[in-house]
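Residues per chain, in single letters:
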Amino acid sequence: MEINRFGYYWLDTWILANVIQLATQDFCTRFLNHNNDPCGRQYDQMTQAARSAPANIAEGNSRHSTSKETEMKLTDVARATLSELANDYLNWLLRQESIPWSVHSVEYKTVSNIRFDRPDYNDDVQYKSSIHILAQKHKFDQWIKSEDSLTVANCLLVLCNRLVMMLGRQIERQLEVFRVEGGFTEGLTTERLAYRTQQSIQTDAPVCPVCGKPMIKRVAKKGMNSGKAFWSCSDYPNCNGTRNIKG
């Protein structure tokens, strides 16, 4: 029951997103001020982007059993906001005439190779997951707790890009499951269509003039016939056969 309720707590993507959110909030508090961010807009944008990532990962995973399409869309939103945040850190470096760590540098490789521990929450998910998140965050303290904003920005840039790639792989897995299983909402559409088709058969609906399958009554949603009922092939969109309903 706990796993079903808090399934996303076991995702490395959600855990890393929380690490990035906490570190970003700390970065903005320590390094943004009235001189470099006089209106506070960058603070708002960066902290909101950092918040959006774990929030959308959580919401998307929570929709796993009801709509896999929605799950993928929300995961993609998380990926997009992380890309936006990564660009903010890159801009911070460039504004100070600095360049990001090379992928061949020791710092980049060290941060990239740090791996998370496996979650072990047992029956106290929120309490133990909070301990777990902070423990994973402390693995990067050498960089994110630095007094040098360039070091912090470089580390978080690496982590943002790392999470963007992880979310890309997560979306690919979600898409594969969707192709095979569909989803609850998508399944309801299929069930509803099957029910309407059966009703049409039982009420002596006409057959499609194109493929011969039974037709179902639909209402046009747009065009000059908007609001008018017509017969549509039950195999739509594979078949576009229609008949007028004689009034």
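The rules behind these values
- Residues numbered from 1 in each chain as written.
- Predicted model: local features only at pLDDT ≥ 70, side-chain atom pairs only at ≥ 80, totals over all residues.
- Heavy atoms only, no water.
- Helix = DSSP H or I, 4+ residues; strand = E, 2+ residues; numbered from the N terminus.
- Buried < 20%, exposed > 50% of the residue type's maximum accessible area, 1.4 Å probe, protein only.
- Contact = heavy atoms within 4.5 Å.
- Areas by Shrake-Rupley, 256 points an atom, 1.4 Å probe, with all protein chains shown as cover.
- Phe/Tyr/Trp six-rings, centres within 6.5 Å; stacked < 30°, edge-to-face > 60°.
- Core = buried A, V, L, I, M, F, W, Y, C linked by side-chain atoms within 4.5 Å.
- Expected span 1.5 Å × (residues − 1).
- Polar contact = N/O pair within 3.5 Å; in protein donor to acceptor, adjacent residues only side chain to side chain.
- Axes fitted to C-alpha atoms, helices over the stretch in contact; angles between N-to-C directions.
- Left-handed = near helix turned anticlockwise from the far one by under 90°.
- Nonpolar A, V, L, I, M, F, W, Y, C, P; charged D, E, K, R; others polar.
- Pairing = 2+ DSSP bridges.

(A) Inspection of the overall build of the chain at higher detail. Within the chain, the secondary structure is distributed over nine helices and three strands. The secondary structure elements of the chain, listed N-terminal to C-terminal, are α-α-α-α-α-α-α-α-α-β-β-β. Per-residue burial over the chain gives 41% buried out of 247 residues. Residue pairs in contact within the chain that sit at least 24 positions apart in sequence constitute 63% of those at least 6 positions apart. For the chain, the accessible area works out to roughly 14700 Å², and carbon and sulfur atoms hold 51% of it.

(B) View of the packing of aromatic side chains. Across all of its chains, the model carries eight aromatic pairs by this definition. Ring geometry for Tyr8 and Tyr9: centres 4.8 Å apart, planes at 45°, overall tilted. Note on accessibility: Tyr8 and Tyr9 belong to one class, buried. Consider the rings of Phe27 and Phe31, whose centres lie 5.2 Å apart with planes at 55°: the pair is tilted. Of this pair, Phe27 and Phe31 both sit in helix α2 (residues 12–31), four residues apart, which is roughly one turn of the helix.

(C) Structural detail: the nonpolar core. Counting residues in hydrophobic clusters, the biggest one holds 48 residues, and the most contacted among them are Phe27, Tyr89 and Phe140. Among the secondary structure elements, those contributing two or more residues to this core are α2, α3 (41–62), α4 (68–95), α6 (125–137), α7 (141–144) and α8 (149–181). In terms of residue count, α8 provides more of this core than any other element does, twelve residues in total. Discounting residues that sit within four places of it in the chain, Phe140 has contacts with Val19, Val111, Ile114, Phe116, Cys155, Leu159 and Arg162.

(D) Fine view of α2. Between the first and last C-alpha of α2 there are 28 Å, a value that for 20 residues agrees with the 28 Å anticipated at 1.5 Å per step. Taken across its 20 residues, α2 has 14 buried, putting it largely inside the fold.

(E) Region of the structure containing the environment of Ala220. Turning to its location among the elements, Ala220 is positioned in the loop between β1 (215–219) and β2 (229–233). Linking Ala220 and Phe230, residues ten residues apart in sequence, is a C-alpha distance of 7.4 Å. Sequence-distant contacts of Ala220, that is, excluding residues within four places in its chain, are made with Asn225, Ser226, Gly227, Lys228 and Phe230.

(F) Broad picture of the environment of Asp37. With respect to the secondary-structure elements, Asp37 resides in the loop between α2 and α3. Beyond its immediate sequence surroundings of up to four residues, Asp37 is in contact with Leu32, Gln42 and Tyr43. A polar contact of 3.1 Å, which involves the side chain of Asp37, links it to the backbone nitrogen of Gln42.

(G) Just the side chain of Gln170, in detail. Its place among the elements puts Gln170 in helix α8. Here the side chain of Gln170 touches Thr13 through a polar contact of 2.7 Å, side chain to side chain. Every residue in contact with Gln170, bar those within four places of it in the chain, is listed here: Leu11, Thr13 and Thr75.

(H) View of the packing of α2 against α4. Where α2 meets α4, the closest approach of the two axes is 13 Å, and the angle between their N-to-C directions is 35°. You can see that α2 and α4 cross each other, and the crossing is left-handed. Contacts between α2 and α4 involve Ile20, Thr24, Phe27 and Phe31 from the first element and Leu82, Leu85, Tyr89 and Trp92 from the second. Of the residues belonging to the contact of α2 with α4, the class tally is seven nonpolar, one polar and no charged.

(I) The sheet that holds strand β3 (residues 242–244), seen in detail. In spatial order, the strands read β1-β2-β3; together these three strands make up an open sheet with antiparallel pairing. Here the strands that pair on one side only, and so sit at the sheet edges, are β1 and β3. Taken pair by pair, the neighbouring strands of this sheet meet at an average axis angle of 35°, ignoring direction. In this structure, β1 lies alongside β2, joined through five bridges in antiparallel fashion. Within β2, the residue paired with Arg218 across the bridge is Phe230.

(J) How the structure looks around the side chain of His132. Here His132 lies in helix α6. Look past the residues within four positions of His132 in its chain and what remains in contact with it is Ile15, Asp117, Arg118, Pro119 and Tyr121.

Everything listed is a geometric property; what it means functionally is a separate question.
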